[in-house]
Amino acid sequence: MSEIRVPLLDLKSQYSQIKPEIDAAIQRVVDAQRFVLGPEVAALEAEIAAYCGAGHAVGCASGSDALLLALTALGIDEGDEVICPSYTFFSTAGTIARMRARPVFADIDPESFNVSGATLRAAAERTTRLKAIIVVHLYGRAVEMREVLELAEDLGVPVIEDGAQALGAHDSQGARVGTQGRIGCFSFFPSKNLGGYGDGGIVVSEDPALAETMRSLRVHGETSKYAHSMIGFNSRLDAIQAAVLRVKLRYLDGWSEARGRVATLYSEQLAKSGAGMGGGDFAELKLPIRLPTAAPLPAQHTFNQFVVRVPADRRDALRQYLGSCGIASAIYYPIPLHLQECFAEFGPVEGVLPTAERAARETIALPVYPELSRDDLEFIVQTLRDFFDN
Ligand SMILES: *Cc1c(COP(=O)(O)O)cnc(C)c1O
């Protein structure tokens with residue numbers, strides 16, 4: 001790749017806008033010399049709970065640990081089955097397998113890239129010992145929760161929401177990500193919309209008993225000093241992360257709105273230059289469908305990623321071309337989880353989840369971040385056009 005003109009995400013630019021506040025927040029923790037949990041973490045938990053409209057929030061060491069805490073608190077056991085999408089980040093299913101439970105992979109809807117009531121139902125038909133469902137609000141787009149909750153109630157199992165990419169998004173009924181299932185899980189990995197300066201995560205729940213269990217599990221299952229009624233693990237949130245995140249949380253909605261504006265501009269510019277209009281390869285480029293308009297909150301999509309589809313046989317060449325023009329891109333995700341070697345024992349075989357497999361072949365993520373300039377965006381669209389015209 002030549003020198004990068006447009007990165008996938010520009011965290012340096014974000015930091016430069018809020019540097020004095022961030023530096024002061026970090027200094028406050030250093031001055032206090034309290035680095036693990038403590039008042040900063042408690043304050044962040046209260047602020048995230050309020051932001052999500054959830055009763056309780058418990059900070060932990062990563063989004064993956066948030067999923068582990070949720071699965072452990074819900075009593076998922078060896079040999080239990082947990083449905084999750086095949087088309088998601090590894091961690092969603094990796095944590096199920098870490099519990100010695102069995103991920104049962106669901107296909108996705110081709111437009112939203114999310115699971116739906118129908119794809120979850122099809123997965124449920126392959127189960128005999130189903131104990132929970134994990135939905136993933138992929139790329140920042142909220143899953144339609146009503147049909148998921150209806151199905152879960154029919155099946156008598158709890159829903160865990162993996163909202164790692166979608167803090168602040170709402171479904172079309174206005175339900176906020178993380179608060180509809182029994183437990184919502186979020187990641188503060190630096191590339192998420194609310195990213196820390198290192199790893200971090202949080203769980204939210206309406207259920208005080210579940211929240212208390214997770215609060216204890218993150219400190220080895222301790223219930224009072226050195227007394228353990230269950231076996232947990234070490235998954236605490238750093239105070240420095242909490243202090244940074246508390247500053248950034250105040251900007252989150254503004255940043256998500258700006259991402260929505262970038263996404264809308266992409267759609268307009270791409271449509272204007274003929275993408276998705278039928279006829280020719282460029283016309284084969286498919287936008288995230290049914291984009292919300294420049295989003296007055298609540299937004300259905302927080303655009304942690306801006307992902308389009310291109311013909312599978314040209315995707316690698318396109319990435320290379322973009323790279324040679326200084327434009328970063330990424331593939332989320334090139335291998336659906338049911339085809340990962342380490343999950344081979346769980347199945348299903350190739351062909352059973354065709355929509356996930358097709359998405360893995362056709363999708364490409366383009367740069368999206370609040371500070372992305374109109375000039376850079378037009379340059380990206382022109383570069384896409386040039387590639388498909390030649
Ligand atoms: C990032 C992510 C996770 C894991 O979060 P970490 O903080 O990296 O452990 C889980 N699920 C999804 C969908 C993610 O995007």
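Residues numbered from 1 in each chain as written. Predicted model: local features only at pLDDT ≥ 70, side-chain atom pairs only at ≥ 80, totals over all residues. Heavy atoms only, no water.

A. Layout of the site of the ligand. Around the ligand, 14 residues are found, and the nearest of them are Gly 63, Ser 64, Asp 162, Ser 187 and Lys 192. Gly 63 places a polar main-chain atom, nitrogen or oxygen, 2.8 Å from an oxygen atom of the ligand. Gln 165 is positioned with one of its side-chain polar atoms (N or O) 2.8 Å from an oxygen atom of the ligand. The cavity where the ligand resides is the largest pocket. Among the secondary structure elements, those contributing two or more residues to the shell around the ligand are helix H3 (63–73) and helix H4 (90–98). When grouped by side-chain class, the residues that make up the shell around the ligand number three nonpolar, nine polar and two charged. (Near = heavy atom within 4 Å. Polar contact = N/O pair within 3.5 Å; in protein donor to acceptor, adjacent residues only side chain to side chain. 1 Å grid on protein atoms, 1.4 Å probe; cavity = no way out; pocket = protein on both sides within 12 Å on 5 of 7 lines; lining within 4 Å. Sits in = over half its atoms within 2 Å of the grid points. Helix = DSSP H or I, 4+ residues; strand = E, 2+ residues; numbered from the N terminus. Nonpolar A, V, L, I, M, F, W, Y, C, P; charged D, E, K, R; others polar.)

B. A look at the sheet that holds strand S6 (residues 183–187). The seven strands are arranged S1-S7-S6-S5-S4-S2-S3 in an open sheet whose pairing can be described as mixed. Two strands close off the open sheet at either side, each with one partner strand: strand S1 (56–60) and strand S3 (102–106). Adjacent strand axes in the sheet meet at a mean angle of 25 degrees, parallel and antiparallel pairs treated alike. Summarising the sheet, strand S2 (residues 81–85) and strand S4 (residues 130–136) pair through three bridges and their orientation is parallel. Residue pairing across strands places Ile 83 opposite Ile 133, the latter belonging to S4. Lying over the sheet, helix H5 (residues 117–124) contacts S2, S3 and S4, oriented at roughly 135 degrees with respect to S3. Its contacts with the sheet place helix H7 (residues 208–217) against S1, S6 and strand S7 (201–205), and it is angled at close to 15 degrees to S1. (Pairing = 2+ DSSP bridges. Axes fitted to C-alpha atoms, helices over the stretch in contact; angles between N-to-C directions. Contact = heavy atoms within 4.5 Å.)

C. Examining unusual backbone geometry more closely. Residues Tyr 332 and Tyr 333 are joined by a peptide bond in cis, for which omega reads 15 degrees. One non-glycine residue with positive phi stands out, namely Tyr 139, at about 65 degrees. Given a relative accessible area of 2%, Tyr 139 falls into the buried group. Notably, His 220 is not glycine yet its phi reads approximately 65 degrees, a positive angle. (Buried < 20%, exposed > 50% of the residue type's maximum accessible area, 1.4 Å probe, protein only.)

D. Here's a closer look at the pattern of salt bridges. Under the defined criterion, the tally for this structure stands at 17 salt bridges. In this structure, Asp 80 engages Arg 129 in a salt bridge whose closest nitrogen and oxygen atoms are separated by 3.0 Å. Of this pair, Asp 80 sits in the loop between H3 and S2 while Arg 129 sits in the loop between H5 and S4, and the two are 49 residues apart along the sequence. Judged by its relative accessible area of 2%, Asp 80 falls in the buried class. In this structure Arg 129 comes out as partly exposed when scored by relative accessible area, which is 39%. (Salt bridge = Lys/Arg side-chain N within 4 Å of Asp/Glu carboxyl O.)

E. Here's a closer look at the pairing of S4. With six of seven residues buried, S4 is to be regarded as a mostly interior element. In terms of strand pairing, S4 meets strand S5 (residues 159–162) through four bridges, oriented parallel. Counterpart to Ile 133 in the pairing with S5 is Val 159. For the crossover that starts at S4, traverses helix H6 (residues 145–155) and ends in the parallel S5, the hand is right-handed. (Right-handed = clockwise from strand over helix to strand, strands pointing away.)

F. Here's a closer look at the layout of surface pockets. Its boundaries defined by the atoms lining it, the largest pocket holds a volume of some 420 Å³. As for the largest pocket, its lining consists of 23 residues, of which Phe 89, Gln 165, Ser 187, Phe 189 and Lys 192 are closest to the centre. Elements that contribute at least two residues to the lining of the largest pocket include exactly H3 and H4. Residue classes in the lining of the largest pocket are distributed as eight nonpolar, twelve polar and three charged. (Points joined across faces, edges and corners; volume = space filled by probe spheres on them.)

G. How the structure looks around H7. Burial in H7 covers these residues: Leu 210, Ala 211, Met 214, Ser 216 and Leu 217. Those residues of H7 that are buried are in contact with S1, H3, S6, S7 and strand S8 (222–224). Near the N-terminus of H7, the side chain that reaches the backbone nitrogen of Ala 209, with its oxygen 2.9 Å away, is that of Asp 207.

H. Expanded view of the packing of H5 against H6. At a minimum axis separation of 9 Å, H5 and H6 run at an interaxial angle of 25 degrees. One element, H5, and the other, H6, form an angle in the roughly parallel class. In the packing of H5 onto H6, the handedness of the crossing is right-handed. Taken together, the residues of H6 that come into contact with H5 (itself represented by Gly 117, Leu 120, Arg 121 and Ala 124) are Glu 147, Val 148, Leu 151, Asp 154 and Leu 155. Looking at the contact of H5 with H6, its residues break down into five nonpolar, one polar and three charged. (Parallel < 35°, antiparallel > 145°, perpendicular 65-115°, else oblique. Left-handed = near helix turned anticlockwise from the far one by under 90°.)

I. Quick peek at H3. The element H3 is extensively covered by neighbouring structure, given that nine of its eleven residues are classed as buried. Inspection of H3 places Gly 63, Asp 65, Ala 66, Leu 67, Leu 68, Leu 69, Ala 70, Leu 71 and Ala 73 among the buried residues, and these make up the whole buried set. Taking the backbone nitrogen of Ser 64 as reference, a side-chain oxygen 3.3 Å away marks Ser 62 as the first, capping residue of H3. Looking at the residues trailing H3, positive phi occurs at Gly 75, about 75 degrees.

Note that every value here comes from positions in space, so none of it alone points to a role or purpose.
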